[in-house]
Amino acid sequence: MIRGAAEVPEGFTVRTEVCVVGSGAGGGVAAALLSEGGREVLVLEEGPHVPRERMTQREEQMYPLLYRDGGNQLTDDGGISVLQGRVVGGSTVVNMADVVGITEEVWAHWRTLFGCDRWSMDDLAEAAADCRATIGANHVTAEQLNRNNALLVRGGDRLGMRTATMEHNRVGCVGSGYCLIGCAYDAKRSVAVSWIPRALATGRVMVQSEARVDRFEHDRGRVVAVVGHLVRPADGAKLAPFRVEADTFVLAAGAIHSPLLLKVSGLGGAAVGRNLSLQPQAPVAALFADDVVMFRGIPQAGYVDAETATAEEGLGGFRLEAVSATPGMSAITTALPTADLHRFMTRYRQVAANLCLVPDRPGGTVTADRNGRPRISYALTPAVQATMIDAIRTAARCWLAAGAEGVALPFPGLPMARSEADLAALDRVSVRPASTPMISAHPQGTCRMGPRAGEAVVDTDLRLHDAPNLSVLDASVFPTTASSHTQLPVMSLAWLGARAILERPAR
Amino acid sequence: MNGPSRRWFLGGGLLLVGGTLVAHAVGHRPMEERASAFLGSSGRTTLESVLEALLPDGAPVGEVADGIEGFLAQGDPIQGGQLGLALTVLEHTGGASLWSFSRFSRRTLDERREILEGWRSSSLQTRRQIADAMRRVALFSWYTREQTWAAIGYDGPWVHP
Ligand SMILES: Cc1cc2nc3c(=O)[nH]c(=O)nc-3n(C[C@H](O)[C@H](O)[C@H](O)COP(=O)(O)OP(=O)(O)OC[C@H]3O[C@@H](n4cnc5c(N)ncnc54)[C@H](O)[C@@H]3O)c2cc1C
Ligand code: SF4
């Protein structure tokens, strides 16, 4: 059963076996596995439950309804929009549905450099297989690429780069192009329509939406309860309070809010909130002479691959991924001078676009500001800046090679680049906060796993070092950037972490 | 968004005093102050002067501003407050230069465009943040309006609840 705040106007105090905080990629998997293992589970989710009938495909309605801070959660220097879902199903409801697992190299990197040797590559593969099956993962075929994706891939091919189509979790996709603001057809197999139904089918799970957890209560190395309040989704106004006692707690509030909750609760030790990776992405848009209609079809389905993965360094390089953008999002992410932008938008149907995704190194922090909200501090290192500019240049070259008449580069003041020679302008730019539009869809790493308390927040079973009846099962446990796309890595680790919980006695 | 520092505000305050004097001296007429439920009449005036500068010529800035205010009134008060603060800082420091002082909303349309465009690449982070916030609010509001879509060839949502 999924119930909202209106169904418990007085609030509630309950006891259960397992309390899961957050219902996204990590929380949904945990709820399903733990309930299938016989445990009684209560999931607390701050966001509302939004079934497909309420997905209106209108940006101005869906960003406020489905996203944390309406999509306006920014780093403290205003440089990067850190996008996260705040809805039953978490970020998987608004994600681009690409499915990319953790590679052997990254797994080896974590094992050798961070001591995360609890699970083998075979364990990971077993977890990923169940996750893929539950979310209906399958490969996009070349014939399914819309013109935007096909042009990017063609450009990459012409430059002799590695190109490919994605694996994704869309089944029966009608190509509306609205993945970022929720699928009105349930074709995207988000956690809300895959793992949560699987959990509910056990009859042992209750999902309480519109319930914001404020902190954990703990006593002598054990978490005893969570306290919080019901919220009105539109403005976050506090409604009635609640308190949940449990034997086991799973924290899966995502890489920004999980460390925040631990911090305000005095849990997690010195490393909590540190080691944030954002995997920044910058947009590049191109103008073609004829229609591209990037906003229809499967949005992010083809890519140009310049990523590297080694056991010594983990992930590096960059990826260029075609992307669709609705008009409002297109306008605010295209950095052209404002007058040029309006002319550009009159040719919206001829616009193609991609995101340049750069796997970074952990280095940011999440702390609490004076309102108790997260303060996300993050600076692009010189190396990441250089890679980002390289990625932007390569993207522009791909679009020009595919026949674009011009490319809008993500730096204010730069006119459209109409030839390779114009790209020399990129030698003189730097990626500055609140100037180059950048997003992060993959925050991670703020409750790092590892064998040593102090250096890591959770142990290699994903249990809190200082309160082992609480497991963190979300994107915050990755020691370094897990993959170019994080939903399958989160689900896989949550799967393994939940199984580890089941291996121990319930109390 | 980081709040501007106290020192920065003090600087802005001094410019404001000078700006008011110079505005009187050169006879700039303020834009008509509009009643406003959320931002206050001064904030509303600045918002409209920003929209006029950032939206295409002839755009119905009053209507767009109404939409923004309605949105702010329903949403998260902290975010709304931050926008209000950004508008205040822009109004009282945006129009000031080495040679003249004027509130932002009393600048000519071309001057306002130049100021907002210049702030996007300013060496001061707070200015870039404010210019970015203004652009986001203005452009998002404009391009999510159904009335704008025909001109850009967007055929709108497929579902009609
Ligand atoms: C726009 C976008 C596009 C993306 N595209 C892709 C993609 O194509 N492929 C891919 O693999 N990944 C993608 N991702 C990333 C992927 O979806 C996330 O990495 C993944 O969902 C993270 O899982 P999580 O469990 O850590 O957090 P989430 O899925 O974000 O879930 C966390 C949940 O916790 C809730 N919560 C937070 N705080 C509290 C609290 N105090 N009390 C109660 N509940 C709380 C939140 O409301 C949220 O629902 C994308 C993400 C975004 C935002
Ligand atoms: S493109 Fe496919 S998966 Fe995405 S919203 Fe449309 S139908 Fe759903």
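Computed from a predicted structure; not experimentally measured.

Chemist: Could you give an account of the environment of Trp158 of chain B, with specific residues and numbers?
Modeler: Tracing the backbone through its elements, the reader meets Trp158 of chain B in the segment after helix H7 (146–152). Accessibility expressed as a relative area gives 38% for Trp158 of chain B, which makes it partly exposed.

Chemist: An account of the site of ligand 2 is needed here, citing residue identities and associated values.
Modeler: All names here are of chain A. The environment of ligand 2 is made up of 13 residues, and the closest members are Cys173, Ser176, Gly177, Cys179 and Cys183. More than half of the atoms belonging to ligand 2 lie within 2 Å of the grid points that define the largest cavity. Per-class residue counts for the shell around ligand 2 are 7 nonpolar, 4 polar and 2 charged.

Chemist: An account of the confidence of the model for chain B is requested, with residue identities and associated values reported.
Modeler: Low pLDDT marks regions whose predicted coordinates should not be analysed in detail. All names here are of chain B. Considering every residue of chain B, the mean pLDDT works out to 77; 74% of them sit at 70 or more. The least confident element of chain B, judged by mean pLDDT, is helix H1 (residues 6–26) at 29; the most confident is H7 at 96. Interface predicted TM-score (ipTM) for the complex: 0.92; the corresponding pTM is 0.93.

Chemist: Outline empty space enclosed by the protein, listing residues and values.
Modeler: Residues and elements named next belong to chain A. A full pass over the atoms with the stated rule returns 5 cavities of 30 Å³ or more. Roughly 100 Å³ of volume is contained in the largest cavity. In terms of lining residues, the largest cavity is bounded by 16 residues, among which Cys173, Ser176, Gly177, Cys179 and Cys183 are the most central. Looking at the lining of the largest cavity residue by residue, the class counts come to 9 nonpolar, 5 polar and 2 charged. By volume, the second largest cavity amounts to about 60 Å³. Around the second largest cavity, the lining residues are Tyr63, Gly177, Tyr178, Leu180, Ile181, Phe295, Ser324, Ala325 and Thr326. Split into classes, the residues belonging to the lining of the second largest cavity amount to 6 nonpolar, 3 polar and no charged.

Chemist: Quick one: what's the story with helix H10 (residues 382–401) of chain A, residue by residue and with numbers?
Modeler: Residues and elements named next belong to chain A. Across its 20 residues, H10 extends 28 Å between first and last C-alpha, which sits within 8% of the 28 Å expected from 1.5 Å per residue. Taken together, the buried positions of H10 are occupied by Val384, Met388, Ile389, Ala391, Ile392, Thr394, Ala395, Ala396, Cys398, Trp399 and Leu400. Contact partners of the buried residues in H10: helix H5 (147–158), strand S12 (281–287), strand S13 (302–310), strand S14 (314–322), strand S15 (351–357) and strand S18 (406–408). Just downstream of H10, Gly403 is the residue with a positive phi angle, here 105°.

The rules we used
Residues numbered from 1 in each chain as written. Chains lettered and ligands numbered in written order. Predicted model: local features only at pLDDT ≥ 70, side-chain atom pairs only at ≥ 80, totals over all residues. Heavy atoms only, no water. Helix = DSSP H or I, 4+ residues; strand = E, 2+ residues; numbered from the N terminus. Buried < 20%, exposed > 50% of the residue type's maximum accessible area, 1.4 Å probe, protein only. Near = heavy atom within 4 Å. 1 Å grid on protein atoms, 1.4 Å probe; cavity = no way out; pocket = protein on both sides within 12 Å on 5 of 7 lines; lining within 4 Å. Sits in = over half its atoms within 2 Å of the grid points. Nonpolar A, V, L, I, M, F, W, Y, C, P; charged D, E, K, R; others polar. pLDDT = per-residue confidence, 0-100. Points joined across faces, edges and corners; volume = space filled by probe spheres on them. Expected span 1.5 Å × (residues − 1). Contact = heavy atoms within 4.5 Å.

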